Amino acid sequence: MAASRKASVVLKAVKKITVQFCPFESNVRSTREFLSLVGSEKARATNMNCEVIPMVKHDKSEPVVEVNFVDGDTLLMKGTHLSSKEMLSVFQSRCAAKDPQGKPAAKK
């Protein structure tokens, strides 16, 4: 987990992140770690308009992260069989692809 804490989380292309989990289940660790990464002050400072919504349920539901992007696209990650590193990697690659400022630099 220490390696993924060093990675910077940029929320420029993100409109809303909803993290849903039941804290009493054994398979929610990665989802809670992902929530702590995207909900940190440093990450939130990259886009003050991005909503990070934790939904704590007590219904034995599987952990789910839903990311809504500014362009209307949605990323749905089911955290049952994913590590926090895998979730962060997919999230960052999708954000990098949607970052309008990152594309011109790649063309040069």
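As a starting point, this report considers the structure included with it.

Calculation rules
- All chains use their own residue numbering, which begins from 1 and follows the written sequence.
- Residues qualify for local features only when their pLDDT is at least 70, as the model is predicted, and side-chain atom pairs are given and counted only at 80 or more; totals for whole chains, interfaces and linings, by contrast, use all residues.
- Values reported for side chains reflect all heavy atoms of the structure, with hydrogen atoms and water molecules removed beforehand.
- Labels follow the DSSP assignment, with helices taken as runs of H or I lasting at least four residues and strands as runs of E lasting at least two, numbered in each case from the N terminus.
- With a 1.4 Å probe rolled over the protein chains alone, any residue whose accessible area is under 20% of its type maximum counts as buried; one over 50% counts as exposed, and the rest are partly exposed.
- Note on contacts: a residue pair qualifies if any of its non-hydrogen atoms lie within 4.5 Å across the two residues.
- Note on areas: Shrake-Rupley with a 1.4 Å probe; residue coverage comes only from the protein chains shown.
- Salt bridges are identified by distance alone: a Lys or Arg side-chain nitrogen within 4 Å of an Asp or Glu carboxyl oxygen.

When you go through the protein chain residue by residue, the secondary structure sums to 5 helices and 4 strands. In the protein chain, the succession of α and β elements from N to C terminus is α-β-α-α-β-β-β-α-α. Per-residue burial for the protein chain yields a buried fraction of 36% across its 108 residues. Considering only contacts in the protein chain between residues 6 or more positions apart, those separated by 24 or more positions represent 71%. Carbon and sulfur atoms provide 53% of the accessible area of the protein chain, an area that totals close to 6700 Å².

What follows covers the environment of His58. With respect to the helices, strands and loops of the structure, His58 is situated in the loop between strand S2 (51-56) and strand S3 (64-69). Placed 35 residues apart in sequence, His58 and Pro23 show a C-alpha to C-alpha distance of 7.3 Å. Beyond its immediate stretch of four places on either side in the chain, His58 contacts Cys22 and Phe24.

Here we come to unusual backbone geometry. Phi at Lys60 takes a positive value of approximately 60°, unusual for a residue other than glycine. Considering the arrangement of structural elements, one finds Lys60 in the loop between S2 and S3. Classification of Lys60 as exposed rests on a relative accessible area of 69%.

Turning our attention to the pattern of salt bridges. Overall, the coordinates contain 5 salt bridges when judged by the stated rule. For the salt bridge of Asp71 with Lys98, the shortest nitrogen-to-oxygen distance reads 2.9 Å. Here Lys98 lies in helix H4 (residues 84-98) and Asp71 lies in the loop between S3 and strand S4 (74-78), a separation of 27 residues in the sequence. Ionic pairing is found between Arg94 and Asp73, a salt bridge with its closest N-O pair at 3.3 Å. One end of the pair, Arg94, is in helix H4; the other, Asp73, is in the loop between S3 and S4, with 21 residues separating them in the sequence. Using a relative accessible area of 28% as the deciding quantity, one classes Arg94 as partly exposed. Overall, the relative accessible area of 32% leaves Asp73 in the partly exposed class.

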